[in-house]
Amino acid sequence: MTGFFHHPLPPCLVATVAALATFAAALTTGADLANTGWTALLFAILASLAWIDAVSETVPDVLTVALVFTGLAHASAVGAAVLPIGAAAVLLLTVGVLHGRITGDLGWIGSGDYFLAAGVVAWFGPTQALEVLALTTLGLLFHSLIARRASIALAPSLAAAAALTWVGGPIL
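Predicted, not measured: the structure shown is a model, and the values here were computed from it. (Residues numbered from 1 in each chain as written. Predicted model: local features only at pLDDT ≥ 70, side-chain atom pairs only at ≥ 80, totals over all residues. Heavy atoms only, no water.)

## As for the nonpolar core
Line of reasoning, step 1. Judged by nonpolar contacts, the single largest core of 23 residues is most densely connected at Leu46, Leu49, Leu67, Leu116 and Phe124.
Line of reasoning, step 2. Those elements that provide at least two residues to this core are helix 2 (33-56), helix 3 (61-77), helix 5 (111-147) and helix 6 (154-168).
Line of reasoning, step 3. Once residues within four sequence positions are removed from consideration, Leu116 is found in contact with Leu49, Val59, Thr64, Leu67, Leu154, Ala155 and Leu158.
Line of reasoning, step 4. Listed in part, the 7 residues of the second largest apolar core include Val68, Leu72, Ala75 and Ala89. (Core = buried A, V, L, I, M, F, W, Y, C linked by side-chain atoms within 4.5 Å. Buried < 20%, exposed > 50% of the residue type's maximum accessible area, 1.4 Å probe, protein only. Helix = DSSP H or I, 4+ residues; strand = E, 2+ residues; numbered from the N terminus. Contact = heavy atoms within 4.5 Å.)

## A word on the confidence of the model for the chain
Line of reasoning, step 1. On average, residues of the chain carry a pLDDT of 80, and 76% of them reach 70 or more.
Line of reasoning, step 2. The lowest-confidence element of the chain is helix 1 (residues 9-29), averaging 59 in pLDDT; the highest-confidence one is helix 3, averaging 92.
Line of reasoning, step 3. Considering only residues more than four positions removed or in separate chains, one finds that residues 1-7, a stretch of pLDDT under 50, has 9 contacts. (pLDDT = per-residue confidence, 0-100.)

## What about the packing of aromatic side chains?
Line of reasoning, step 1. The tally for this structure, following the rule as stated, stands at 3 aromatic pairs.
Line of reasoning, step 2. Plain terms: the ring middles of Trp123 and Trp166 are 5.6 Å apart, the flat faces sit at 75 degrees to each other, and that makes the pair edge-to-face. Pair noted here: Trp123 is in helix 5 and Trp166 is in helix 6, with a separation of 43 residues, a long-range link.
Line of reasoning, step 3. Considering the side-chain rings of Phe124 and Trp166, the 5.6 Å spacing of their centres and the 90 degrees angle between planes classify their relative orientation as edge-to-face. In this pair, Phe124 is assigned in helix 5 and Trp166 in helix 6, connecting sequence segments 42 residues apart.
Line of reasoning, step 4. By relative accessible area, Phe124 is classed as buried at 10%. (Phe/Tyr/Trp six-rings, centres within 6.5 Å; stacked < 30°, edge-to-face > 60°.)

Shown next, in the form of structure tokens:
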């Protein structure tokens, strides 16, 4: 990645400003700060991943792995069953590593996309992650029809689907 807009710093700055604005809004409205903090963290990571993937069609492992670990921390904090969630996330991480080694990350899906899916599983759990991935598929289809391209970055559609599911609850 070269140039200012191809560097991970701008999306991280935008995500940080968005997270701070979320906290400011929570403070003024009396919202639950713990839930607001988790929401701001999830949206900050997703926004960074979406921007970077839209520009470069790659997702940095450091952000996707951070998405997995923060998702598992969130699951633990809210009392969810961390073991099955962690097992599903580790399975996807393993498939991603194997895919990267076998194919050299050539093709329509790269190892980072598996890592991104693992992060969604960590945040939403395996069942609700299927809804996020179904909405992501609809977003990708819509985006590819509008852009008239077969190759579309995954993270922007996934971030939008995750945000809709997080805020709106089960949609499908």
